[in-house]
Amino acid sequence: MKAFVVEHYGKDGLRAADLPEPQPGPRDVLVKVGAASVNPLDKLVRDGEFKQLLKHKTPFVLGHDLAGTVTAVGTQVRGFAVGDEVYARPRDLRIGTFAEYIAIDEDDVAHKPTTLTMPEAAAVPLVSLAAWQILVDTAGIGPGSKVLVHGGAGGLGSTLIQLAKYLGAEVATTARGSAEELVRSLGADIVVDYTKEDFSSLLSGYDLVVDGLGGENLMKSLTVLAPGGLALGVAGPPDAGFARQLGAPRVFELVLSLLSRKVRRAAKKAGVRYSFFFMRSDGKQLAHLAGLYDAGALRPVIDTVFPFDQTPQAMAFVEAGKTKAGKVVVSAD
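Here's what I pulled together on the structure shown here. Along each chain, residue indices are assigned from 1 in the same order as the chain's sequence is written. The predicted origin of the model limits local features to residues at a pLDDT of at least 70 and limits the giving and counting of side-chain atom pairs to 80 or more, whereas totals for whole chains, interfaces and linings rest on all residues. Side-chain calculation: all heavy atoms of the structure are included, whereas hydrogens and water are not.

## Regarding the pairing of strand β16 (residues 327-331)
Throughout, exposure labels follow a simple rule: accessible area from a 1.4 Å probe, protein chains only, divided by the maximum for the residue type, with under 20% read as buried, over 50% as exposed, and the rest as partly exposed. Secondary structure counts use DSSP, requiring at least four H or I residues in a row for a helix and at least two E residues in a row for a strand, with both numbered from the N terminus. Burial of β16 is extensive: 5 of the 5 residues sit out of reach of the surface. Alternating residues of β16 divide into Lys327, Val329 and Ser331 and Val328 and Val330, and every residue in both groups is buried. Here strand β3 (residues 28-38) runs beside β16; their pairing, made up of 4 bridges, is antiparallel. Considered in β16, the bridge of alanine 36 is made with valine 330. The pairing criterion is simple: DSSP has to find at least two bridges between the two strands.

## A word on the packing of helix α7 (residues 215-222) against helix α10 (residues 261-270)
Axes here refer to lines fitted to C-alpha atoms; in helices the fit is confined to the stretch in contact. Angles between the N-to-C directions go from 0 to 180 degrees. Contact geometry of α7 with α10 gives a least axis separation of 9 Å together with a crossing angle of 15°. As judged from the angle between their axes, α7 and α10 are roughly parallel. Judged by the twist between their axes, the crossing of α7 over α10 is right-handed. Contact with α7, carried on its side by Leu218, Met219 and Leu222, involves Lys262, Val263, Ala266 and Ala267 of α10 and no other residues of that element. As a working rule, the residues Ala, Val, Leu, Ile, Met, Phe, Trp, Tyr, Cys and Pro are called nonpolar, Asp, Glu, Lys and Arg charged, and the rest polar, with Gly in that last group. Taken together, the residues of the contact of α7 with α10 sort by class into 6 nonpolar, no polar and 1 charged. Should an angle fall under 35 degrees it is taken as roughly parallel, and over 145 as roughly antiparallel, whereas 65 to 115 is taken as roughly perpendicular and any remaining angle as oblique. We call a crossing left-handed when the near helix sits turned anticlockwise from the far one by less than a right angle, and right-handed when that turn is clockwise. Contacts: residue pairs with any heavy atoms within 4.5 Å of one another.

## Thoughts on the side chain of threonine 174
Position of threonine 174 among the secondary structure elements: in strand β10 (residues 170-175). Throughout this description, a polar contact denotes any pair of N or O atoms lying within 3.5 Å of each other; where both atoms belong to protein, one of them has to be capable of donating a hydrogen while the other can accept it, and for residues adjacent in sequence the pair is counted only when both atoms sit in side chains. A polar contact of 3.1 Å, which involves the side chain of threonine 174, links it to the backbone nitrogen of glycine 151.

## Some points on empty space enclosed by the protein
A cavity here means a set of points on a 1 Å grid, drawn over the protein atoms and nothing else, where a 1.4 Å probe fits but cannot get out; a pocket is an open set with protein on both sides within 12 Å along at least five of seven lines, and a residue lines either one if it has an atom within 4 Å of a point. Grid points are joined across faces, edges and corners, and a volume is the space filled by probe spheres set on the points. What the rule picks out here adds up to 2 cavities of 30 Å³ or more. When its volume is computed, the largest cavity comes out at roughly 40 Å³. The dominant element in the lining of the largest cavity, judged by the number of residues it contributes, is helix α4 (residues 155-166), at 3 residues. Looking at the lining of the largest cavity residue by residue, the classes come out as 6 nonpolar, 3 polar and 2 charged. What the second largest cavity holds in volume is close to 40 Å³. If you go around the second largest cavity, the residues you meet are Tyr9, Leu44, Val45, Gly48, Glu49, Phe50, Lys51, Leu54 and His56. For the lining of the second largest cavity, a count of residues per class yields 5 nonpolar, 2 polar and 2 charged.

This is how it looks when you write it as structure tokens:
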């Protein structure tokens, strides 16, 4: 089969390769990939940003989410059958969706939303899981909550806005002025044009801020939180909790605690909290989210669809900042 593998860490490390078709283990489903999407995490993993914590052995296939069709199942699989259309975000050490086939643990897989095409379904596993785990599992967002989403036109941001509104929250977002119509259509109540306005001088009293930029933007985000509010960083800095989530040796907890010390101290001084967020695979959550897509509570936002053969170009497109809104997808069709 054809696949795109990280031969070595770095920007020039991704190449096309011909690999044997994977053989499913007893608990695996073998999926013929119909489409996959590009995520910022792909660049981080390709460049080796997490290589001390996520110990992929090069060469390995890149790609973190997909939609496709089951072509074989392991002997212990009970929830899926050949011919099922599915979508998934494979667990961290079993990624590899930039390929014609992938074997995935059935716990990471769910039946595809029936109302979505393959490219649409491929765009949502990682971002919808992240949004659910941020808003529901971590922050407990509900009616009356106030949520600020930075970068509301992006793949994660556009999903967070929709899910937060579904949960009953008041939602503010930062976005370019050209994206205001889109983010309002997704449910944003307040839109701050970050090219013209400083959100920290306009907003206050938020229960949750989700930040994907880090640095000064994250530090400013602490100032708009209500007492006890939470700032979640998806771009860093990572903290000790991240090391524990990955089951890393204890020394990494200390290292990451030092990396996040500045923002954690600032948060404590302001009477608020900071935590780094890194999503996890969960097929049961994806099954629930599929229902939300089919009910129209959530919808995918797609910028561009590339042919599968142009996966490196799709990644370059994202890295160059050419995405105007939502996700970039690579499709086998």
